[in-house]
Amino acid sequence: RPCKPACGVDQNNQRKVNFLEDDSWLPEADRPLLHNVRAFREELGHHSRVPAISIFGYGIKTISGITLEILERGLFGNINYQQEPAGDSTIPQNSAVLDGTEIHPVQQYHGSLFVDQDVKMRLKIELTKKI
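Below: a short report on this structure. Since the structure is predicted, the reported quantities are computational estimates derived from the model, not experimental observations.

### Things to note about the sheet that holds strand 4 (residues 60-70)
Adjacent strands of a sheet form backbone hydrogen bonds with each other and so pair up, either parallel or antiparallel.
At step 1: Across the sheet, which stays open at both edges, the four strands sit in the order 2-1-4-5 with mixed pairing between neighbours. The strands lining the two open edges of the sheet, one partner per strand, are strand 2 (16-17) and strand 5 (76-87).
At step 2: As paired strands, strand 4 and strand 5 are joined by nine bridges and run antiparallel to one another. What sits directly across from Thr67, in strand 5, is Asn80.

### What about the environment of Asp22?
At step 1: With respect to the helices and strands, the residue Asp22 is situated in the loop between strand 2 and helix 1 (31-44).
At step 2: Separated by 17 residues in the primary sequence, Asp22 and Ala39 have C-alpha atoms spaced 14 Å apart.
At step 3: Look past the residues within four positions of Asp22 in its chain and what remains in contact with it is Arg15, Val17 and Leu34.

### Considering a nonpolar patch on the surface
At step 1: The grouping of Ile63, Ile79 and Tyr81 at the surface amounts to a nonpolar patch, some 280 Å² of accessible area in total.
At step 2: With respect to the secondary-structure elements, Ile79 resides in strand 5.
At step 3: Taking relative accessible area as the criterion, Ile79 reaches 40% and is therefore assigned partly exposed.

Cut-offs applied
- Residues numbered from 1 in each chain as written.
- Predicted model: local features only at pLDDT ≥ 70, side-chain atom pairs only at ≥ 80, totals over all residues.
- Heavy atoms only, no water.
- Pairing = 2+ DSSP bridges.
- Helix = DSSP H or I, 4+ residues; strand = E, 2+ residues; numbered from the N terminus.
- Contact = heavy atoms within 4.5 Å.
- Patch = residues over 30% accessible without salt bridge, like charges linked within 9 Å, V, L, I, M, F, W, Y side chains within 5 Å.
- Areas by Shrake-Rupley, 256 points an atom, 1.4 Å probe, with all protein chains shown as cover.
- Salt bridge = Lys/Arg side-chain N within 4 Å of Asp/Glu carboxyl O.
- Buried < 20%, exposed > 50% of the residue type's maximum accessible area, 1.4 Å probe, protein only.

Fair warning: the whole summary comes from geometry, so function is off the table for now.
This is the structure in structure tokens:
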């Protein structure tokens, strides 16, 4: 899920930045790529078209915000990342849930979710509908 309304804030805590909506941080030549990403994400929608479950990690330090200095010509500098125990070390938990799905949070690191025994059991139940 894209950062809404913003993932970053300027050095004066006044200007909020949504990196998918504001393309000023990218070189001019790369901006069409971001526009394509935005269009693709909108095409996917925000709800699953088939029954789904959101399995995600929580409770582990994860980047959850960014402060940055807005330089001349809108370029960014002096970027600082805030971390809090709100994800799986890679994905913030509030970005890992697809609207309208069941959720299955697991206190586990991102790279370990696929080998976690609780995750394997939940997948087995979901795929076979039996234990």
